[in-house]
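Summary of the model geometry
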Amino acid sequence: MNTRNRFSLLPLLALMLATLVACSGESGDPSTASAPAEPTGPKKVAVVVSTLNNPWFVVLAEAARDRARELGYEATIFDSQNDPAKEASHYENILASGYSAILFNPTDADGSVANVRRAKAADIPVFCIDREINATDAAITQIISDNYSGAVDIGRHFVETVGREGKYVELLGLVGDNNTWNRSKGFHSVVDRFPGLEMVAQQSADFDRAKALDVMESIMQSNPDIDAVFAGNDAMAMGAYQALVAAGKAGQVKVFGFDGADDVVRLIAEGGITATGMQFPKVMARRAAESADEYLGGKRDFPQKTPVAVELVTAENVDQYGDFGRQ
């Protein structure tokens, strides 16, 4: 090839080079290179609840979800069905799915700690609601009812209405839940001062209405002359009440619950159940969502535990309560 032909190809080569650069989108200046796409849309908040097989926990979960949405987050409820293994599976899903925070109602005070620690290691903050975990360095904060004090008030009302003598049954909740024992201890801190009040049976019904019905029917076969029942939550109080109705003893045996569930509040007004402790699930749930929002906004100074007062609901003040809180 002669010199003239070589120079005649130069414009064509220059054009081809310019086309390749344009198609690749590259530039010799790093400052003009394309940046990776940023995630779009609202941040995601997970609401992990121990069970949805109880209206009280449905209210808790939905109140947390709805408040998170009001604050601008995409919020999803995960039902652990009172199963620690299912709860762990939810955490695996959440940690892999780009969630920014977890509003958490644990299944087990000890068993749930590992899940919260996994979230913490992944820089996902956890905010416990209603039920606590046995660790003070894992969750950002734990917003829980003052169960012990609430049960003390129920114990006092129990003595006032049942009297200083009588036979009673206690239905316990989940044995791995601190709420079960805080309520039981608060109640017994009062009732055990009166030796004439005899506990003839103490048995777990797992905070479950159907189980409480079965347990109560079994207990009454060997203890037909009881005077009262203290149930560690309102679902169990309803199960016990159903068993008493079936046995024709609803008007003879006083039933005490704990939660402030709407069906129990209505039965207090009707005279079927004696008292309960109002826990305010909506207050706790909203506060957890607001704490998560504050944390994601930069706040870091949170108390490890935030107790929410429990109020005694009786026939004397029942008209002040409803819809899982004060009217």
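Reading the values: the criteria
- Residues numbered from 1 in each chain as written.
- Predicted model: local features only at pLDDT ≥ 70, side-chain atom pairs only at ≥ 80, totals over all residues.
- Heavy atoms only, no water.
- UniProt positions renumbered as here; feature names shortened; annotations may be inferred.
- Helix = DSSP H or I, 4+ residues; strand = E, 2+ residues; numbered from the N terminus.
- Buried < 20%, exposed > 50% of the residue type's maximum accessible area, 1.4 Å probe, protein only.
- Polar contact = N/O pair within 3.5 Å; in protein donor to acceptor, adjacent residues only side chain to side chain.
- Salt bridge = Lys/Arg side-chain N within 4 Å of Asp/Glu carboxyl O.
- Expected span 1.5 Å × (residues − 1).
- Contact = heavy atoms within 4.5 Å.
- Phe/Tyr/Trp six-rings, centres within 6.5 Å; stacked < 30°, edge-to-face > 60°.
- Lys NZ or Arg CZ within 6 Å of the ring centre and 35° of its normal.
- Axes fitted to C-alpha atoms, helices over the stretch in contact; angles between N-to-C directions.
- Parallel < 35°, antiparallel > 145°, perpendicular 65-115°, else oblique.
- Left-handed = near helix turned anticlockwise from the far one by under 90°.
- Pairing = 2+ DSSP bridges.
- Right-handed = clockwise from strand over helix to strand, strands pointing away.
- Nonpolar A, V, L, I, M, F, W, Y, C, P; charged D, E, K, R; others polar.

Identification of the protein as D-ribose ABC transporter substrate-binding protein from Marinihelvus fidelis is taken from an unreviewed UniProt entry. Quoted verbatim from the Subcellular location (unreviewed entry) field of UniProt, the annotation for the protein is "Cell envelope".

**Some details on the side chain of T276**
Counting through the fold element by element, T276 comes out in strand β10 (residues 276-278). For T276, a relative accessible area of 0% translates into the label buried. Reaching out from T276, the side chain makes a polar contact with the backbone nitrogen of D259 at a distance of 3.4 Å.

**Some words on the pattern of salt bridges**
Under the criterion given, the structure shown has 13 salt bridges. Of the charged contacts, one joins D177 and R131 as a salt bridge, the two residues approaching to 3.0 Å between their closest N and O atoms. In this pair, D177 is assigned in the loop between β6 (166-172) and α6 (178-191) and R131 in the loop between β4 (126-129) and β5 (141-145), connecting sequence segments 46 residues apart. The exposure class assigned to R131 is buried, which follows from its relative accessible area of 1%. One salt bridge in this structure joins R209 and D263, with 3.5 Å as the shortest N-O distance. Taken together, the residues R209 in helix α7 (residues 209-222) and D263 in helix α9 (residues 262-270) connect sequence positions 54 residues apart. Note on R209: relative accessible area 34%, which makes it partly exposed.

**Comments concerning α7**
Compared with the 20 Å implied by 1.5 Å per residue over 14 residues, the 21 Å span of α7 between its first and last C-alpha is a close match. Taken together, the buried residues of α7 touch β6, β7 (197-204), β8 (228-231) and α8 (234-246).

**Focus on the packing of aromatic side chains**
Each aromatic ring pair is specified by the distance between its two centres and by the angle formed by the two planes. The full count for this structure, using the stated rule, is 11 aromatic pairs. Centre to centre, the rings of Y295 and F302 are 6.3 Å apart; their planes meet at 40°, and the pair counts as tilted. Relative accessible area serves as the criterion here: at 13%, F302 is assigned to the buried category. Grouped by ring-pair contacts, the aromatic residues F158, Y168, F187, F230 and F256 constitute a single cluster. The lysine or arginine in question, R300, covers the ring of Y295, its NZ or CZ lying 3.7 Å from the ring centre.

**Concerning the packing of α8 against α9**
Packing of α8 against α9 leaves a shortest axis separation of 9 Å and a crossing angle of 50°. Relative to α9, the element α8 lies oblique. Crossing hand, α8 versus α9: left-handed. Where α8 approaches α9, its residues D234, M238 and Y241 are matched on the opposing element by D263, V264 and L267.

**Remarks on the pairing of β7**
The pairing of β6 with β7 spans seven bridges and is parallel. Counted as the bridge partner of V169 is A201 from β7. Regarding topology, α6 serves as the crossover connection from β6 to the parallel β7, and that connection is right-handed.

**A few points about the packing of helix α2 (residues 55-70) against helix α10 (residues 281-296)**
Remark: α2 packs on α10, axes separated minimally by 8 Å, with the N-to-C direction vectors making an angle of 35°. The element α2 and its partner α10 pack so that their crossing is right-handed. Residues W56, V59, L60, A63, A64, R67 and A68 of α2 touch α10, and the partners they reach there are P281, K282, M284, A285, R286, A289 and E290. Of the residues assigned to the contact of α2 with α10, the class counts are 10 nonpolar, no polar and four charged.

**What to know about the sheet that holds strand β11 (residues 305-308)**
With parallel pairing, the six strands of this open sheet are ordered in space as β2-β1-β3-β4-β5-β11. Of all the strands in the sheet, the pair left with one neighbour each is β2 (74-79) and β11. The mean inter-strand angle of the sheet, taken between neighbouring strand axes irrespective of direction, is 20°. Pairing of β4 with β5 involves three bridges; the strand directions are parallel. Pairing of F127 across the sheet is with T141, part of β5.

**Here we look at the side chain of S291**
With respect to the helices and strands, the residue S291 is situated in helix α10. In contact with S291, not counting residues within four places along its chain, are F127, T141, I143 and F302.

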